[in-house]
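One letter stands for each residue in the lines below.
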Amino acid sequence: MTPTAAQSVLIIGGGPSGLTTAYRLSRLGYRVTIIEESPLLGDNVTTGYHSHASRPFTILGCHRATQALLHSLHPDTRQPPSSEIPLEFHLYDNSLVHYPRTNFPAPLHSWVNLLKFSGIPWNERWRLASWVEQLWEGDAALPADLEHRTADEWLASIRQTPQTCRVVWNPLARWLTGNDLSTMSADAFVTSVRPFFLKTPSDSRISVVQDSLNACFVQPITDALTQVGTTILFNTEAVQLRYERERISGILLRDGSLLQADWYVAALPLQQFTPLLPERWLTRYAYFQQLGELRSSDCTIFHLQAGQPCATPRLILLNDTAFHSVFATATTPDRTHFSLLTTDDRFSQAPPDSTPDIAILDLLRSLRLLMPGSKILSTNRQTIPNSILSLKPGTKLHRPIQRSPIHNLLLAGNWTDTGWPPNLESAIVSGNHCADAIALR
Ligand SMILES: Cc1cc2nc3c(=O)[nH]c(=O)nc-3n(C[C@H](O)[C@H](O)[C@H](O)COP(=O)(O)OP(=O)(O)OC[C@H]3O[C@@H](n4cnc5c(N)ncnc54)[C@H](O)[C@@H]3O)c2cc1C
């Protein structure tokens, strides 16, 4: 085991990736300090993941790092309550169809589920299932150039019709990655869909955790960190990485003070990280230069609370509307909370009072989610800047690994290279990689 007694680690950013690194390293005995620009972690914060940290959230069965962390934070008998829900697709005839689940052993279950899924016309389903079977048998292989093609072009090449792409594959891509088929690479599409659909039956489970991300993740980590003496500095903004001879020598804070440690982990969103970098490193290292190739867009989330019961949480993937999905959960026995997500610029740029309530109400009614006569109790809209990483062709090559060329600097964050689309799992995996990299040096 690494001798840790004298080693200190400064983590910039108290989101899931930074908290994961802090949790892992503090358990190994490192002296950890977190600096976080928000006033606190959790419910009352309106930026980044904190803005949705106070609501129920979804975890997929294939998100193993997230599940492992939750298990480590909660004793077996007190795991956060969760319910399993199906994935629902909205078809052109206004009907909803579930993606089926069977308990056949892998990979048979994927094949049977695909054949049973009535969201795709029968002949296309059969073609796809035969092609998937050929992949398993080794009689067909995925093309080597997937990262350089768009997902819609590749899906057309395996004879998926534009209608199936619009009703099934595009909503799925938007839900899993925030990206549209027409802009994301085929490799990013396959990478995000495969763990969910083509692994074991339990991998494709969608769990809605009733407690918020704050209650089952942020608070227990913060408590564990506080118990071992980790310092968490809120309202503290890093403004510059200071360096000496290709090592970080300190972090300059907005108030002019300098914090120093043996190790530094930048666990920030991309747009907040690059301004902190010394100019010299941007010109000298391809590792930092390539960050300029990464693009992201804003995500807007509409919240609406209605006075009606919600017997079970629902997740519906939408097609041909600006909204990617509707997620419905019960807030109390007689109140339902709906959240609708969009990356359409029109909403992020609209003035705060122009919430398109009418369009949303019509949509919820047409989906038969909003009952006639149901009272709308509240609505609001939040835009989270740069929260969706563009997975356009070529992006995979530019997502940085966690070890940087600067010996004592590591990068965490859902946008780093983890093999996952930029989601909570990716953030936690990146946090684990940083902790491993420090512990193993
Ligand atoms: C609307 C929405 C809904 C989502 N829902 C789900 C869900 O249901 N399930 C799921 O698995 N995932 C969900 N996600 C994704 C998940 O929230 C993110 O993937 C995750 O928060 C990313 O973690 P991170 O640590 O990489 O970055 P962040 O969460 O962005 O954390 C970065 C932290 O750095 C801080 N910071 C920034 N600049 C500075 C600075 N200069 N100095 C100090 N601190 C700074 C920020 O305040 C922030 O706390 C959702 C995301 C969004 C936008």
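Residues numbered from 1 in each chain as written. Predicted model: local features only at pLDDT ≥ 70, side-chain atom pairs only at ≥ 80, totals over all residues. Heavy atoms only, no water.

**Thoughts on the sheet that holds strand E10 (residues 247–253)**
What counts here: A pair of strands counts as paired when DSSP detects no fewer than two bridges linking them. Think of it this way: any DSSP run of H or I at least four residues long counts as a helix, any run of E at least two long counts as a strand, and we number them from the N terminus.
Taken in spatial order, the 3 strands of this open sheet run E9-E10-E11, and their pairing is antiparallel. Edge positions in the sheet fall to strand E9 (238–244) and strand E11 (258–259), since each has one partner strand and no second. Pairing between E10 and E11: 2 bridges, direction antiparallel. Bridge pairing links leucine 252 to leucine 258 in E11.

**Observations regarding the confidence of the model for the protein chain**
Selection rule: pLDDT is a per-residue confidence score from the predictor, ranging from 0 to 100. Residue contacts follow a heavy-atom distance rule, with two residues in contact if any of their heavy atoms lie within 4.5 Å.
The predicted model of the protein chain averages 92 in pLDDT, with 94% of residues at 70 or higher. Scored below 50 in pLDDT, residues 43–47 makes 11 contacts in the model with residues more than four places away or belonging to other chains.

**Regarding the packing of helix H2 (residues 64–73) against helix H8 (residues 213–227)**
Heads up, the rule is: Each axis is a line fitted through C-alpha atoms, and for a helix only the stretch in contact is used; angles between axes span 0 to 180 degrees, taken between their N-to-C directions. Each angle receives one of four descriptions, namely roughly parallel if under 35 degrees, roughly antiparallel if over 145, roughly perpendicular if within 65 to 115, and oblique otherwise. The handedness criterion is simple: a crossing whose near helix is rotated anticlockwise from the far helix by less than a right angle is left-handed, and one whose near helix is rotated clockwise is right-handed. For this classification, the nonpolar set comprises Ala, Val, Leu, Ile, Met, Phe, Trp, Tyr, Cys and Pro, the charged set comprises Asp, Glu, Lys and Arg, and every other residue, Gly included, is treated as polar.
It is at 10 Å that the axes of H2 and H8 come closest, and there the two elements cross at 55°. With respect to H8, the axis of H2 lies oblique. Relative to H8, H2 is oriented so that their crossing is left-handed. Contact residues: Leu69, Leu70 and Leu73 in H2; Cys216, Phe217, Pro220 and Ile221 in H8. The residue makeup of the contact of H2 with H8, split by class, is 7 nonpolar, no polar and no charged.

**Some words on H8**
What counts is decided by this rule: Given the number of residues in a helix, its expected span is that number minus one, multiplied by 1.5 Å. Note on bend: the value at a residue is the angle between axes fitted to the seven residues ending there and to the seven starting there.
Over its 15 residues, H8 runs 20 Å from end to end, which matches the ideal 21 Å to within 8%, given 1.5 Å per residue. Where H8 bends most, at glutamine 219, the angle is about 25°, and the proline proline 220 comes one to four residues later. Two residues or fewer past H8, glycine 229 is found with a positive phi of approximately 85°.

**A few points about the side chain of threonine 395**
Spelled out, the test is: Three exposure classes are used, based on accessible area relative to the maximum for each residue type with a 1.4 Å probe and protein chains only: buried under 20%, partly exposed in between, and exposed over 50%. Throughout this description, a polar contact denotes any pair of N or O atoms lying within 3.5 Å of each other; where both atoms belong to protein, one of them has to be capable of donating a hydrogen while the other can accept it, and for residues adjacent in sequence the pair is counted only when both atoms sit in side chains.
Structurally, threonine 395 can be placed in the loop between strand E17 (375–389) and strand E18 (409–411). Classification of threonine 395 by relative accessible area gives buried; the value is 4%. In this structure the side chain of threonine 395 is engaged in a polar contact, spanning 2.7 Å, whose partner is the backbone oxygen of lysine 392. When residues no more than four places from it in sequence are discounted, the contact partners of threonine 395 are Glu147, Leu294 and Ser390.

**A closer look at unusual backbone geometry**
Across residues other than glycine, the phi torsion is negative in most instances, and most of the peptide bonds are trans. The peptide bond linking alanine 106 to proline 107 adopts the cis configuration, its omega dihedral lying at 0°. With respect to the helices and strands, the residue proline 107 is situated in the loop between strand E6 (96–98) and helix H3 (108–116). You will see that aspartate 320, though not glycine, has its phi angle at about 50°, which is positive. Residue position: aspartate 320 is located in the loop between strand E14 (314–317) and strand E15 (323–332).

**Digging into the packing of aromatic side chains**
For clarity, the cut-off: Pairing of aromatic rings covers Phe, Tyr and the six-membered ring of Trp, with a centre-to-centre limit of 6.5 Å; geometry is then stacked below 30 degrees between planes, edge-to-face above 60, and tilted otherwise.
Applying the stated criterion to the full structure yields 17 aromatic pairs. For the ring pair phenylalanine 323 and phenylalanine 347, a centre distance of 5.4 Å and an interplane angle of 25° mean the geometry is stacked. You can see phenylalanine 323 sitting in strand E15 and its partner phenylalanine 347 sitting in helix H12 (residues 345–349), a full 24 residues away along the chain. Assigned by exposure class, phenylalanine 323 and phenylalanine 347 land together as buried.

**Re the domain arrangement of the protein chain**
Let me state the cut-off plainly: Segmentation of the chain into domains, including their bounds, is taken from an automatic or database domain assignment. Values labelled buried area give the accessible surface lost by two parts on being combined, using a 1.4 Å probe and summing over both.
Each domain of the protein chain was delimited in the assignment, giving domain 1 (8–79 + 211–294 + 392–440), domain 2 (102–204) and domain 3 (296–389). Using C-alpha coordinates to define each centre, domain 1 is positioned 29 Å away from domain 3. In this complex, domain 1 contributes 11 residues to the contact, which on the side of domain 3 involves 9 residues. Here domain 1 packs against domain 3, burying approximately 1,000 Å² in sum over the two surfaces, 64% of which is carbon and sulfur. Summed over the shared surface of domain 1 and domain 3, the result is 1 residue pair in polar contact (both at pLDDT 80 or more). In terms of residue class, the side of domain 1 that touches domain 3 is made up of 4 nonpolar, 5 polar and 2 charged.

**Considering helix H1 (residues 16–27)**
Taking 1.5 Å per residue as the helical rise, H1 with its 12 residues ought to reach 16 Å, and the 17 Å between its terminal C-alpha atoms agrees with that figure. Counting buried positions over the 12 residues of H1 gives 10, a clear majority of the element. Inspection of H1 places Pro16, Ser17, Gly18, Leu19, Thr20, Thr21, Ala22, Tyr23, Leu25 and Ser26 among the buried residues, and these make up the whole buried set. Directly beyond the C-terminal end of H1, a positive phi value near 95° is found at glycine 29.

**Section: the packing of helix H6 (residues 162–177) against helix H7 (residues 186–197)**
It is at 10 Å that the axes of H6 and H7 come closest, and there the two elements cross at 90°. Taken together, H6 and H7 sit at an angle that is classed as roughly perpendicular. Between H6 and H7, the residues in contact are Trp169, Leu172, Ala173, Trp175, Leu176 and Thr177 and Phe189, Ser192, Val193, Phe196 and Phe197, respectively. A per-class count over the contact of H6 with H7 returns 9 nonpolar, 2 polar and no charged.

**A closer look at the sheet that holds strand E8 (residues 231–233)**
A sheet is described by the order of its strands in space; here 5 strands give the open sequence E8-E2-E1-E12-E18, paired in parallel fashion. At either end of the open sheet lies a strand with only one pairing partner, and these are E8 and E18. Here the strands of the sheet are splayed against their neighbours by 20° on average, with no regard to which way each runs. Bridge count for strand E1 (residues 8–12) against strand E12 (residues 263–266) is 4 bridges, and the pairing is parallel. Paired with valine 9 across the bridge in E12 is tryptophan 263.

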